[in-house]
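Observations on the three-dimensional arrangement
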Amino acid sequence: MEFNVNQLLTDIKSAVKLVIDADLDTVQGFSESQLKAIAKQSERVATGIATGKITPETKQFFLDSLKDLVTGFVQTLTGIIAVTIEKVWNAIISVIWNTISKTIGITLSIPAQ
């Protein structure tokens, strides 16, 4: 079999698109629900401070809790994205190794990351 660079490029793009499309739905769903919760909590904190229900003594506690909520969201999102990047790497390597295997007529073991 002849090695076809254009076909390899097409196959890589398709594999990457499959991974990203699937994981994008996960990221969007997670982000949407978390950001709504963060926005709602921000509203509660702002209203509580403005009305005096959150006292000057407890204001920093609520602001720190809100900061921690955002930090947790970003850390989780970072983890999800890191997994997506690993999936993209695996997809690209699989396509390349399978194409080389077909070209040379010997099945190559796909390397681990």
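Residues numbered from 1 in each chain as written. Predicted model: local features only at pLDDT ≥ 70, side-chain atom pairs only at ≥ 80, totals over all residues. Heavy atoms only, no water.

1. Notes on the packing of helix H1 (residues 5–51) against helix H2 (residues 56–104)
At a minimum axis separation of 9 Å, H1 and H2 run at an interaxial angle of 175°. As far as their axial angle goes, H2 and H1 are roughly antiparallel. Residue composition of the contact of H1 with H2, by class: 25 nonpolar, seven polar and four charged. (Axes fitted to C-alpha atoms, helices over the stretch in contact; angles between N-to-C directions. Helix = DSSP H or I, 4+ residues; strand = E, 2+ residues; numbered from the N terminus. Parallel < 35°, antiparallel > 145°, perpendicular 65-115°, else oblique. Nonpolar A, V, L, I, M, F, W, Y, C, P; charged D, E, K, R; others polar.)

2. Here we look at the packing of aromatic side chains
Scanning the entire structure with this criterion turns up two aromatic pairs. Their ring planes at 20° and their centres at 5.6 Å tell us that phenylalanine 30 and phenylalanine 73 sit as a pair that is stacked. Of this pair, phenylalanine 30 sits in helix H1 while phenylalanine 73 sits in helix H2, placing them 43 residues apart in sequence. The buried category is assigned to phenylalanine 73, whose relative accessible area is 9%. Each ring, one from phenylalanine 61 and one from phenylalanine 62, has its centre 5.3 Å from the other, and the planes form 80°; the classification is edge-to-face. Phenylalanine 62 gets classed as partly exposed once you look at its relative accessible area, which sits at 29%. (Phe/Tyr/Trp six-rings, centres within 6.5 Å; stacked < 30°, edge-to-face > 60°. Buried < 20%, exposed > 50% of the residue type's maximum accessible area, 1.4 Å probe, protein only.)

3. Things to note about the side chain of threonine 84
Checked against the element boundaries, threonine 84 lands in helix H2. Excluding residues that lie within four positions of it along the chain, threonine 84 makes contacts with Val19 and Asp23. (Contact = heavy atoms within 4.5 Å.)

4. Quick notes on the nonpolar core
Counting residues in hydrophobic clusters, the biggest one holds eight residues: Leu8, Ile12, Ala15, Val16, Val19, Val88, Ala91 and Val95. Elements supplying a minimum of two residues to this core: H1 and H2. Here this core gets five residues from one element, more than from any other, and that element is H1. Sequence-distant contacts of alanine 91, defined by excluding residues within four places in its chain, comprise Ala15 and Val19. Counting residues in hydrophobic clusters, the runner-up holds five residues, among them Val27, Phe30, Ile38 and Leu77. (Core = buried A, V, L, I, M, F, W, Y, C linked by side-chain atoms within 4.5 Å.)

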